[in-house]
Amino acid sequence: MLRTLGVLGGMGPLATASFMNQVIALSPAKNDQEHIPMFIRNIPQIPDRTKFLMGIEDENPLFELKKGFKELTSLGVSCIVVPCNTAHYWYDALTKNADVHTISIVKSVIKQVKATNKQRVGILATTATLNMGIYQNTFEQHNIDFIEPNTQQQMAIMDGITAVKAGDLNTGRNLLSKAYESMLAQGADCVLFGCTEIPLVLNKQAKHSPDTCLDTIAILAQECVNWAYANAHQSTLSSVA
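Residues numbered from 1 in each chain as written. Predicted model: local features only at pLDDT ≥ 70, side-chain atom pairs only at ≥ 80, totals over all residues. Heavy atoms only, no water.

J.: Just to check I follow, could you spell out the pairing of strand S5 (residues 120–124) for this structure?
T.: In summary, the side chains of a regular strand alternate between the two faces of the sheet. Within S5, 4 of the 5 residues are buried, leaving the element largely enclosed by the surrounding structure. Pairing analysis gives 3 bridges linking S5 to strand S6 (residues 145–147), with the strands arranged parallel. Residue pairing in the sheet places Gly-122 in a bridge with Ile-147 of S6. Sheet analysis places S5 next to strand S7 (residues 190–193), joined by 4 bridges and oriented parallel. Bridged to Leu-124 within S7 is Phe-193. (Buried < 20%, exposed > 50% of the residue type's maximum accessible area, 1.4 Å probe, protein only. Helix = DSSP H or I, 4+ residues; strand = E, 2+ residues; numbered from the N terminus. Pairing = 2+ DSSP bridges.)

Written out as structure tokens, the structure is:
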């Protein structure tokens, strides 16, 4: 029997929906009953992570993140994931002393980078994710080289992310595609989609050139699928024994 996955989402809603779709698409289910049971908390009213970390707004998102984490735990989920890269600034605070399994999107990405032997990663992410070193610090710990956008490039990336959140996918796709190409031109052998809005519009790049794309939504979804079905296999063995 599959264990239940809890998704602390809403950051943003399109990214949460895409994550759920990818978990379903990646699952080796042959019928409805073999799919992973999920509780999705898609509450978009969590305060803006980037604006708080940039000092633009005073409301700390941690309170609402903890509230959502507690609600999912009370539903009896076996694992909780947060499909938002910037929110992982609070990952340790959220998961400290938690009595439920969690899967980190950052750790999942590092695992993928090492497994595919990538040498130099171009980072596309929110300004807050960059400023807090959410990926850079971890890359350095694992001796992984990386390229950060310059100030002008980062402004365009943020404009692209903001456009996607507003539903203007064409503008977002145009801006973020240019940023992706720029990272490759600067010598990156792959590009990190370090904001879960980015894969929503760089889906063609991920499809046609998967080796150059680190799609954080897809990577996290695959880790959740691996976890769920590994547990199901272990449960089956236990019941047989």
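J.: I tried to follow the side chain of Thr-212 on my own but got confused; where do I start?
T.: The topology assignment puts Thr-212 in the loop between helix H10 (203–208) and strand S8 (213–215). Separated by 2.6 Å, the side chains of Thr-212 and Tyr-180 make a polar contact. With residues up to four places along the chain from it excluded, the contact list for Thr-212 reads Tyr-180, Leu-184, Asp-189, Cys-190 and Val-191. (Polar contact = N/O pair within 3.5 Å; in protein donor to acceptor, adjacent residues only side chain to side chain. Contact = heavy atoms within 4.5 Å.)

J.: Teacher, can you tell me more about the sheet that holds S5 here?
T.: Hydrogen bonds between backbone groups are what pair the strands of a sheet, and the pairing can be parallel or antiparallel. Read from one edge of the open sheet, 4 strands run S6-S5-S7-S8, paired in parallel fashion. The open sheet has two edge strands, S6 and S8, and neither has a second partner. Within this sheet the neighbouring strands show an average axis-to-axis angle of 30 degrees, counted without direction. (Axes fitted to C-alpha atoms, helices over the stretch in contact; angles between N-to-C directions.)

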